[in-house]
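Letter by letter, the chains look like this.
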Amino acid sequence: MRAVSHVLALGAVALVLFVTLAPAHAETIRVAEVTPLPVPADLMALRARPAIGPTVVPLAPGQQPLTPALLANYVARQKALREVNVLGNEVGGELTSDVLMGYIARGSIGGNSAVSAIASFTSPAAKPEPALNPSALAAYVESGYQPLAKRLEHANAERDCLAQAIYHEARGESEVGQLAVANVIVNRARSGKFPSTLCGVIYQNADKGYHRCQFTFACDGRTDAPGERRAWARSAALAQDVYAEFALGEAVGAVPGSALYYHTTNVRPSWANTYSAVAQIGSHIFYSPN
């Protein structure tokens with residue numbers, strides 16, 4: 001019995017080993033025996049060609065060559081146009097060259113037509129000239145161009161002239177009274193009846209001697225250097241604000257824009273009777289021409 005048991009055990013072990021090893025052996029043999037088929041020559045040539053289709057970009061309008069085919073298409077289109085009844089009456093109405101050209105001018109030349117296609121090849125549209133060109137620069141220079149440094153120098157001089165006028169003419173006045181005097185100077189510069197700059201208005205005729213200028217301090221022979229620092233600081237600050245309004249074309253607003261003259265209440269000049277008084281602020285009376 002023991003011998004039979006040993007024989008059965010050995011047989012079972014042999015059966016398990018056979019079942020386990022047989023599929024692996026069969027798989028190895030199966031993979032080893034599979035080989036790829038040869039690729040046909042025409043398929044290889046096709047695969048070697050460059051990609052086509054989506055990578056082909058059509059030419060933009062105006063870049064197509066002017067070929068006989070395009071000209072033939074144009075001729076065909078013209079024949080088709082001549083067969084259209086553009087007169088709007090019975091078929092067979094007379095189609096003259098004037099009618100045909102009018103039809104083309106109404107809808108074809110500006111659209112996507114053979115006429116515009118041919119024109120784009122033979123006469124490309126002219127490129128617009130840039131806004132900044134030599135002609136524009138020359139016109140700008142002739143119209144009064146000044147370098148930045150020159151413009152800054154002019155602005156500083158205008159503010160200083162205005163500050164001098166406010167200081168010497170109205171340093172004892174309230175802020176509104178000083179603003180009114182500055183307002184008259186601005187009105188004169190804008191009126192067209194006086195010089196167009198603030199310095200020109202303030203020092204008009206100052207070179208002609210005493211009592212010949214518009215503002216007494218400008219031709220009285222005395223120094224214009226301010227002696228009161230606080231009053232000068234007020235005048236300079238106000239002059240800066242008023243000059244900014246003058247340069248920007250804004251209204252000063254202390255007196256009407258028509259006010260071009262003023263005098264103190266201590267005097268009564270002869271010209272006061274020929275103008276209309278529009279305001280009295282502090283010790284000054286302001287006038288507009290009639």
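Residues numbered from 1 in each chain as written. Predicted model: local features only at pLDDT ≥ 70, side-chain atom pairs only at ≥ 80, totals over all residues. Heavy atoms only, no water.

A. Main features of the sheet that holds strand β3 (residues 284-289). Reading across from one edge, β1-β3-β2 is the order of the three strands in this open sheet, with antiparallel pairing throughout. Of all the strands in the sheet, just β1 (261-264) and β2 (275-281) have a single pairing partner and so form its edges. Across the sheet, the mean angle separating the axes of adjacent strands is 30 degrees when strand polarity is ignored. With four bridges joining them, β1 and β3 adopt antiparallel strand pairing. Note that in β3 the partner of H263 across the bridge is I285. (Pairing = 2+ DSSP bridges. Helix = DSSP H or I, 4+ residues; strand = E, 2+ residues; numbered from the N terminus. Axes fitted to C-alpha atoms, helices over the stretch in contact; angles between N-to-C directions.)

B. Seen up close, the packing of aromatic side chains. According to the stated counting rule, one finds 10 aromatic pairs in the structure shown. Judged by centre distance (6.3 Å) and plane angle (65 degrees), the ring pair of F194 and Y261 falls under edge-to-face. Of this pair, F194 sits in the loop between α8 (175-191) and α9 (198-202) while Y261 sits in strand β1, placing them 67 residues apart in sequence. Comparing F194 with Y261 shows no difference in burial state: the two are buried. Between the aromatic rings of W271 and Y287, the centroid separation amounts to 5.5 Å while the plane-to-plane angle is 80 degrees, which identifies the pairing as edge-to-face. Note that W271 is positioned in the loop between β1 and β2 and Y287 in strand β3, a separation of 16 residues in sequence. Grouped by ring-pair contacts, the aromatic residues F194, Y261, W271, Y275 and Y287 constitute a single cluster. Of note, R171 hangs over the ring of Y167, and the distance from its end group to the ring centre comes to 4.7 Å. (Phe/Tyr/Trp six-rings, centres within 6.5 Å; stacked < 30°, edge-to-face > 60°. Buried < 20%, exposed > 50% of the residue type's maximum accessible area, 1.4 Å probe, protein only. Lys NZ or Arg CZ within 6 Å of the ring centre and 35° of its normal.)

C. Representation of the nonpolar core within the structure. Counting 37 residues, the largest nonpolar core has L162, I185, L198, V242, V255 and F286 as its most contacted members. Contributions of two or more residues to this core are made by α7 (148-170), α8, α9, α10 (229-248), β1 and β3. With sequence-adjacent residues up to four places away left out, V255 is seen in contact with A180, N183, V184, N187, A279, I281 and F286. (Core = buried A, V, L, I, M, F, W, Y, C linked by side-chain atoms within 4.5 Å. Contact = heavy atoms within 4.5 Å.)

D. Here's a closer look at the side chain of H284. Looking at the element boundaries, H284 is found in strand β3. In this view, H284 contacts E169, A170, E173, V181, Y262, H263, T264, T265 and A279; residues no more than four positions away in its chain are not counted.

E. Fine view of the packing of α7 against α10. Two elements in contact, α7 and α10, have axes separated by 8 Å at closest approach and are oriented at 130 degrees. On the basis of the axis angle, α7 is oblique to α10. The interaxial crossing formed by α7 with α10 has right-handed handedness. Where α7 approaches α10, its residues H154, A155, E158, R159, D160, L162, A163, Q164, I166 and Y167 are matched on the opposing element by A231, W232, S235, A236, L238, A239, Q240, V242, Y243 and F246. Here the contact of α7 with α10 is composed, by residue class, of 13 nonpolar, four polar and three charged. (Parallel < 35°, antiparallel > 145°, perpendicular 65-115°, else oblique. Left-handed = near helix turned anticlockwise from the far one by under 90°. Nonpolar A, V, L, I, M, F, W, Y, C, P; charged D, E, K, R; others polar.)

F. Local environment of the pattern of salt bridges. For the structure on display, the rule yields one salt bridge. With a closest N to O distance of 3.4 Å, E228 and R171 form a salt bridge. One end of the pair, E228, is in the loop between α9 and α10; the other, R171, is in the loop between α7 and α8, and 57 residues separate them in sequence. A relative accessible area of 40% means that E228 is categorised as partly exposed. Look at R171 and you get partly exposed, because its relative accessible area is 33%. (Salt bridge = Lys/Arg side-chain N within 4 Å of Asp/Glu carboxyl O.)

That's the geometry; what it means functionally is another story.
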